[in-house]
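This is what each chain is made of:
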Amino acid sequence: MLIVMRHGASADEVQKVISVIEEMGYQATPMPGAQRTAVGLVGNDGRVDASRLEGLPGVQEVIHVSKPYKQVSREWRPEPTVVKLAGGVTVGGNEVVAMAGPCSLETERQVLESARVVKEAGAVILRGGAWKPRSSPYSFQGLGRPGLKLLAKAREETGLLICTEAMDPDGVGWVSEMADIVQIGARNMQNFSLLKVAGRCGKPILLKRGISATIVELLLSAEYLLAEGNYNVILCERGVRSFDTMTRNLFDLTAIPVVHKLSHLPIIADPSHGTGLRDKVIPMARAAVAAGADGIMVEVHPNPEEALSDGAQTLYPDQFTQLMREVRIIAEAIGRRVAEPAAVGA
Ligand code: PEP
Ligand code: MN
């Protein structure tokens, strides 16, 4: 439930609303806005009797949020959330951000070379996993913590921001110490205890859609993060399982406008995992930007044939360079622009 205060309501009036919510046994979240202040009521599982709040001085109206993913919903916050990252990079505003890099971090040379090429092409965020959620326990599992050191070095050298996955609570601790964005992967989208830890880690979260998750389930998982006080959440469409084996996943482009309608959170698109096929990544990345994605996440490797994971869906550096040229034109055609890398290390 949202208690919308009158324009010019006093701090005492807002405080009174907060106290009454707390007396009723719920939590109050004050949300000062440019036009009006609202106080959110959370902690209820069902409709709340608003009669005590409606009559309080300074209260303009009480809005019952109909969606189960309350704080994530547009009803709760009509204006889009803009996640602010270091170096003035924003996700969810007018800029379209490119996150790119290898599937797995492998060697120092591979990480640094990847960082250089994706920056050169126009990415602002370096992606790459130190811990990899692999279907087989015998597949390469990632470098672990030494991988994070390589990312730190790449950031120092290039100024790129870092997005990397945490697979368990310890990982959230280590990743949130160094990365700019903590990624929660598709397989962990409904790992609710991990989401609670991530919600308290203090860093922006990239939450990827589960392999067979509905859009409502994705939004409910994001609600876990907001419920812990982390409002810097970026969603990611990365394809879902389908009956058709022609592509690795069914890349659900419709999710982008659907999420934008239902939620104020930004959503980016990952056509690499979405399609699993190098030659399909480029058209679907272009389509995602045209559909309004707030960014793209693309796997790029200096030498994809030698990649220890996901080589078949990984772009060659020159393909990514060409894609970025095209994406700039598409972004411009819909009144947006692609975020450009900072001058660090240029
Ligand atoms: C990844 O981005 O490295 C990854 C493993 O993706 P997903 O969780 O979407 O499979
Ligand atoms: Mn991958």
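Just above, that's the structure.
Residues numbered from 1 in each chain as written. Chains lettered and ligands numbered in written order. Predicted model: local features only at pLDDT ≥ 70, side-chain atom pairs only at ≥ 80, totals over all residues. Heavy atoms only, no water.

1. Description of the site of ligand 1
Note the cut-off: Proximity is defined per residue: if any heavy atom of the residue lies within 4 Å of a molecule or strand, that residue is considered near it. Any pair of N or O atoms that falls within 3.5 Å is considered a polar contact. Within protein, one atom must be able to donate a hydrogen and the other to accept it, and sequence-neighbouring residues count only if both atoms are side-chain atoms. Per-residue and other accessible areas follow the Shrake-Rupley method at a 1.4 Å probe size, with only the shown protein chains counted as cover for residues. Note on residue classes: Ala, Val, Leu, Ile, Met, Phe, Trp, Tyr, Cys and Pro are nonpolar, Asp, Glu, Lys and Arg are charged, and everything else, Gly too, is polar.
Neighbouring residues of ligand 1: R127, K132, P133, E165, Q183, G185, A186, R187, K208, R238 and H273. Contacts to ligand 1 include R187, whose side-chain N or O atom sits 2.9 Å from an oxygen atom. Across the complex, the protein chains shield 97% of the 290 Å² of accessible surface that ligand 1 would expose by itself. Taken together, the residues of the shell around ligand 1 sort by class into two nonpolar, three polar and six charged.

2. A short note on the environment of N191
How we decide: Helix numbers and strand numbers start at the N terminus; a helix is a DSSP run of H or I with at least 4 residues, a strand a run of E with at least 2. Only protein chains enter the calculation, and the probe is 1.4 Å; a residue is then buried if its accessible area is under 20% of its type maximum, exposed if over 50%, and partly exposed in between.
Along the polypeptide, N191 turns up in the loop between β10 (181–184) and α6 (192–199). On the basis of relative accessibility, which here comes to 26%, the residue N191 falls in the partly exposed class. The sequence separation of N191 and L235 amounts to 44 residues, and the corresponding C-alpha distance is 16 Å.

3. Concerning the nonpolar core
The test is simple: Residues belong to one nonpolar core when they are buried, are Ala, Val, Leu, Ile, Met, Phe, Trp, Tyr or Cys, and are joined through side-chain atoms within 4.5 Å. Every residue pair with non-hydrogen atoms within 4.5 Å of one another is taken to be in contact.
By size, the foremost hydrophobic cluster in this structure holds 70 residues, and its most contacted members are V118, L126, L207, L235, F320 and L323. When near neighbours in sequence (up to four residues on either side) are disregarded, F320 contacts A98, A100, V118, A121, A123, V298, V300 and L315.

4. As for the coordination of the manganese ion (ligand 2)
Counted only if it meets this: Keep in mind that water is not among the atoms, so a site may look incomplete; donors are the N, O and S atoms within 2.8 Å of the metal, or 3.2 Å for Na, K and Ca.
The manganese ion (ligand 2) binds to the protein through C103 (SG), H273 (NE2), E299 (OE) and D310 (OD), with metal-donor distances spanning 2.0 to 2.3 Å. All donors to the manganese ion (ligand 2) come from one chain, and their sequence spacing reads C-x169-H-x25-E-x10-D. Placement of the pair is C103 in the loop between β7 (95–101) and α3 (108–121) and D310 in the loop between β14 (295–299) and α11 (317–333), with a sequence separation of 207 residues. C103 sits in the buried class, given a relative accessible area of 4%.

5. Focus on the pattern of salt bridges
Which entries qualify depends on this criterion: The term salt bridge refers to a side-chain nitrogen of Lys or Arg lying within 4 Å of a carboxyl oxygen of Asp or Glu.
Applying the stated criterion across every chain yields a total of 16 salt bridges. Salt-bridge contacts for R52 lead to E23; the nearest nitrogen and oxygen are separated by 2.7 Å. Of this pair, R52 sits in helix α2 (residues 51–54) while E23 sits in helix α1 (residues 11–23), placing them 29 residues apart in sequence. Between K208 and D270 there is a salt bridge, with its nearest N and O atoms 2.7 Å apart. Of this pair, K208 sits in strand β11 (residues 205–208) while D270 sits in the loop between β13 (267–269) and α9 (271–275), and the two are 62 residues apart along the sequence. Grouping residues by exposure puts K208 and D270 together as buried. A cluster of three or more residues bridged by salt bridges with shared partners is formed by E113, R116 and E157.

6. Regarding the packing of aromatic side chains
What counts, and what does not: Two rings belonging to Phe, Tyr or Trp (six-membered ring only in the last case) form a pair when the distance between their centres is within 6.5 Å. Interplanar angles under 30 degrees mark stacking, angles over 60 mark edge-to-face geometry, and anything in between is tilted.
Applying the stated criterion to the full structure yields two aromatic pairs. A ring pair is formed by W131 and W174, whose centres lie 5.9 Å apart and whose planes are at 15°; its orientation type is stacked. A residue pair is termed long-range when its members are at least 10 positions apart, and W131 in the loop between β8 (125–127) and α4 (145–158) and W174 in helix α5 (residues 169–178) qualify at 43 residues. On the accessibility criterion, W131 (17% relative accessible area) is buried.

7. Looking at the sheet that holds strand β2 (residues 27–32)
As a general point, the strands of a sheet are linked pairwise by backbone hydrogen bonds and lie either parallel or antiparallel. Heads up, the rule is: Strands were regarded as paired on the criterion that DSSP finds at least two bridges between them. Lines fitted to C-alpha atoms define the axes here, with helix axes fitted over just the stretch in contact, and angles between the N-to-C directions of these axes take values from 0 to 180 degrees.
The antiparallel open sheet is built from four strands, whose spatial order is β2-β3-β1-β4. This sheet does not close on itself; its edge strands, each paired only once, are β2 and β4 (59–63). Going across the sheet, the axis of each strand differs from the next one's by a mean of 20°, ignoring polarity. Pairing geometry for strand β1 (residues 2–5) and β4, over four bridges, is antiparallel. Bridge assignment links I3 to a residue of β4, and that residue is V62. Strands in contact with α1 are β1, β2, β3 (37–42) and β4; relative to β3, the strand with the most contacts, it is inclined by about 5°.

8. Details of the pairing of β14
Counting buried residues along β14, five of its five residues qualify, which places the element largely inside the surrounding structure. Here β7 pairs with β14 via five bridges, running parallel. Within the sheet, the bridge partner assigned to G101 lies in β14 and is E299.

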